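# Overview (structure and organization)
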Amino acid sequence: QVQLVESGGGLVQAGGSLRLSCAASGRTFSSSAMGWFRQAPGKGREFVARISWRSIRTYYADSVKGRFTISRDNAKSTVYLQMNNLVPEDTAVYYCARSKVNVPSTNFWDYDGWGQGTQVTVSS
């Protein structure tokens, strides 16, 4: 099992940046791919990014490609999401989760260990 705690959200103007962190506890973190998802009010949980367990492969939703960067530090049991050039459409609660599958899934049901999320609000 893995327990995850997200942090780093906040209020930022369009064009600004934020760096989200996801601190993990549990034995499976360093051997698991990790993902970031987000959920805007009234919408479903949306895939944002994924990183393999050795950081060799990363995947991004088209909507964030070129603006967001996912990374991880296995020694610190932490996953990061650097978000640049933010737009109001990025406003959502952001969650990290552990992948249960060995394929680069973008489906939220293929992930577990969901944290409480961190709110990101981008003003225009």
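Here the structure is shown first, and the text comes after it.
An account of the accompanying structure is given in this report.

Basis of the calculations
Residues numbered from 1 in each chain as written. Predicted model: local features only at pLDDT ≥ 70, side-chain atom pairs only at ≥ 80, totals over all residues. Heavy atoms only, no water. Helix = DSSP H or I, 4+ residues; strand = E, 2+ residues; numbered from the N terminus. Rg over C-alpha atoms; globule rule 2.2 N^0.38 Å. Buried < 20%, exposed > 50% of the residue type's maximum accessible area, 1.4 Å probe, protein only. Contact = heavy atoms within 4.5 Å. Areas by Shrake-Rupley, 256 points an atom, 1.4 Å probe, with all protein chains shown as cover. Lys, Arg positive; Asp, Glu negative; His and termini not counted. Charge placed at Lys NZ, Arg CZ, Asp CG, Glu CD. 1 Å grid on protein atoms, 1.4 Å probe; cavity = no way out; pocket = protein on both sides within 12 Å on 5 of 7 lines; lining within 4 Å. Points joined across faces, edges and corners; volume = space filled by probe spheres on them. Nonpolar A, V, L, I, M, F, W, Y, C, P; charged D, E, K, R; others polar. Phe/Tyr/Trp six-rings, centres within 6.5 Å; stacked < 30°, edge-to-face > 60°. Lys NZ or Arg CZ within 6 Å of the ring centre and 35° of its normal.

## Quick word on the overall build of the protein
Counting its secondary structure elements, the protein contains zero helices and 11 strands. The C-alpha radius of gyration of the protein comes to 13 Å, within 12% of the 14 Å expected for a compact globule of 124 residues. If you line up the protein on its principal axes, its C-alpha atoms span 40 × 25 × 25 Å. Going through the 124 residues of the protein one by one, you find that 46% of them count as buried. If you take every contact in the protein between residues at least 6 apart in sequence, the share linking residues at least 24 apart comes to 57%. Surface exposure of the protein reaches about 6400 Å², of which carbon and sulfur atoms provide 49%. Where the 14 positive side-chain charges of the protein centre and where its 8 negative ones centre are 7 Å apart.

## Structural notes on the layout of surface pockets
What the largest pocket holds in volume is close to 230 Å³. Lining the largest pocket we find 15 residues, and of these Ala33, Arg50, Ser52, Trp53 and Asn102 sit closest to its centre. Split into classes, the residues belonging to the lining of the largest pocket amount to six nonpolar, five polar and four charged.

## Focus: the environment of Ser21
If you trace the backbone, Ser21 turns up in strand S3 (residues 18-25). As a C-alpha pair, Ser21 and Glu6 span 15 residues in sequence and 5.6 Å in three-dimensional space. Other than its neighbours up to four places away in sequence, Ser21 contacts Val5, Glu6, Ser7, Trp36, Thr78, Val79 and Tyr80.

## Some details on the packing of aromatic side chains
Under the counting rule described, the total for this entry stands at five aromatic pairs. Residues Phe37 and Phe47 carry aromatic rings whose centres are separated by 5.7 Å and whose planes lie at 75° to one another, so their mutual orientation is edge-to-face. Placement of Phe37 in strand S4 (residues 34-39) and of Phe47 in strand S5 (residues 46-51) is noted, with a sequence separation of 10 residues between them. Neither residue differs from the other here; Phe37 and Phe47 are each classed as buried. For the ring pair Phe37 and Tyr111, a centre distance of 4.9 Å and an interplane angle of 70° mean the geometry is edge-to-face. Residue Phe37 is found in strand S4, and its partner Tyr111 is found in strand S10 (residues 111-112); the two are separated by 74 residues along the sequence. Given a relative accessible area of 0%, Phe37 falls into the buried group. Given the relative accessible area of 3%, Tyr111 is considered buried. A network of ring pairs unites the aromatic residues Phe37, Phe47, Tyr95, Tyr111 and Trp114 as a single cluster. In this arrangement the basic side chain of Arg45 is found over the ring face of Tyr95, its NZ or CZ atom lying 3.9 Å from the centre.

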